[in-house]
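The residues making up each chain are set out below.
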Amino acid sequence: MDPSGVRIISLFLICVVELCIWPLLCLIVAGVVQLINKKIRKKKPTGRGIKLAAYATIGFITLVLLEIVYFTMYWFLQFSVWLLLCLIVTLITAAVQLINKKIRKKKPIHWAIKLAGYVAFYAITLFVVCKVLEPYPSNWFATNKEYRELVYELYNQELYCHEYREVYKGFYGEFVISFTESLGGTMEQRDYITLKNAVEEYMEVNESFQEKRISLNFRLSSGESLCNIFNFNPEMGEMGTDVPCWFVKGIYANNCTELAVFYHDFSGISARVGTLDDMQELANLCNLTYLKLYVNGMDKEDQDLEVQYLEELNTLLPDCEIHLN
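Residues numbered from 1 in each chain as written. Predicted model: local features only at pLDDT ≥ 70, side-chain atom pairs only at ≥ 80, totals over all residues. Heavy atoms only, no water.

(A) Fine view of the nonpolar core. In terms of nonpolar packing, the biggest core is built from 48 residues, with Ile177, Leu259, Tyr263, Ile269 and Leu282 touching the most fellow members. With seven residues, the top contributor of residues to this core is helix H6 (residues 186–205). Once residues within four sequence positions are removed from consideration, Tyr263 is found in contact with Gln189, Tyr192, Ile193, Val248, Ile251, Glu258, Ile269 and Leu285. (Core = buried A, V, L, I, M, F, W, Y, C linked by side-chain atoms within 4.5 Å. Buried < 20%, exposed > 50% of the residue type's maximum accessible area, 1.4 Å probe, protein only. Helix = DSSP H or I, 4+ residues; strand = E, 2+ residues; numbered from the N terminus. Contact = heavy atoms within 4.5 Å.)

(B) The packing of aromatic side chains, seen in detail. Under the definition given, this model contains 13 aromatic pairs. With 6.1 Å between their ring centres and 85° between their planes, Tyr164 and Phe179 make a pair best called edge-to-face. Of this pair, Tyr164 sits in strand E1 (residues 162–169) while Phe179 sits in strand E2 (residues 175–181), placing them 15 residues apart in sequence. When sorted by exposure, Tyr164 lands in the same class as Phe179, which is buried. Between the aromatic rings of Tyr192 and Phe218, the centroid separation amounts to 4.4 Å while the plane-to-plane angle is 50°, which identifies the pairing as tilted. Residue Tyr192 is located in helix H6, and its partner Phe218 is located in strand E3 (residues 214–220); the two are separated by 26 residues in the primary sequence. In textbook terms, an aromatic cluster arises when at least three aromatic residues are bridged by ring pairs, as seen for Tyr152, Tyr155, Tyr164, Phe179, Tyr192 and Phe218. (Phe/Tyr/Trp six-rings, centres within 6.5 Å; stacked < 30°, edge-to-face > 60°.)

(C) Highlighting the pairing of strand E8 (residues 268–273). Counting buried positions along E8 yields five of six residues, so the element is predominantly enclosed. In terms of strand pairing, strand E7 (residues 247–253) meets E8 through six bridges, oriented parallel. Looking at E8, one finds that Val248 is bridged to Ile269. As for the winding sense of the linkage, the β-α-β connection from E7 through helix H7 (residues 256–262) to E8 is right-handed. Alignment of E8 against strand E9 (residues 290–295), held across six bridges, turns out to be parallel. Bridging across to E9, Val273 finds its partner in Val295. (Pairing = 2+ DSSP bridges. Right-handed = clockwise from strand over helix to strand, strands pointing away.)

This is the structure we're talking about:
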């Protein structure tokens with residue numbers, strides 16, 4: 001499905017969930033108020049219309065506060081700041097209008113003028129907030145403080161066809177930084193190496209990160225995993241000592257030359273290639289200790305050809321564990 005279609009469906013589902021949550025919040029507020037009035041305050045019942053309006057207002061305010069927390073933690077900070085600003089200004093103006101009507105006995109402003117004023121204020125402040133506040137990684141506040149600077153640095157990298165998505169703890173206890181792909185091709189691999197180099201440079205400067213396990217995860221907008229780059233061996237859980245133990249899984253390269261150019265300092269590669277005609281280029285992979293290749297167009301019945309390729313690969317990379325197809 002097209003990414004824009006996915007976003008529209010997601011927003012629609014969010015709206016549906018909110019429409020379900022709002023009445024629930026109103027019922028909770030109503031129940032609490034009724035209990036207090038009945039058991040503690042012994043007050044005379046209020047008019048039904050007034051009660052419904054009060055419950056709806058309190059439920060709506062609670063829902064907005066929950067959304068502010070959600071957007072601050074998991075989406076983007078600008079929207080939560082805008083929601084909070086709108087909520088504060090709306091409550092203040094509503095209180096002022098109530099005072100003017102009930103206490104100062106002033107003529108109320110026409111509802112159409114008030115509505116136009118609110119809409120204009122909301123639109124202008126949304127534009128200003130998004131322009132003034134810098135963007136930040138989506139689940140910034142849900143990320144451990146020690147990783148925030150690294151995430152922010154990767155978030156601000158100039159990438160060709162990926163964008164930051166989220167961070168989370170992986171199966172091996174590693175810190176996974178996930179990116180979503182919008183385009184494909186050779187430029188895709190340039191993004192892989194740009195981010196890998198940024199992590200490596202960051203870890204060189206920050207000694208406390210030199211023993212941390214990091215995984216860069218690349219996915220389609222649909223959520224399907226494309227590629228993983230680890231700074232450790234995911235099979236053994238070991239990190240490099242003399243040289244970095246960079247390991248990549250799930251990449252596609254047109255030929256072996258691309259592998260040699262992009263992944264020349266990797267310790268492990270699991271990849272799909274279009275051809276092995278230029279396999280001699282793999283000799284430039286100086287740190288390679290593990291290689292797993294899937295060759296497009298080579299059937300499992302091609303036993304003789306597979307044996308020939310394996311012999312040549314073992315000659316080129318004598319200290320490397322090699323698996324073919």
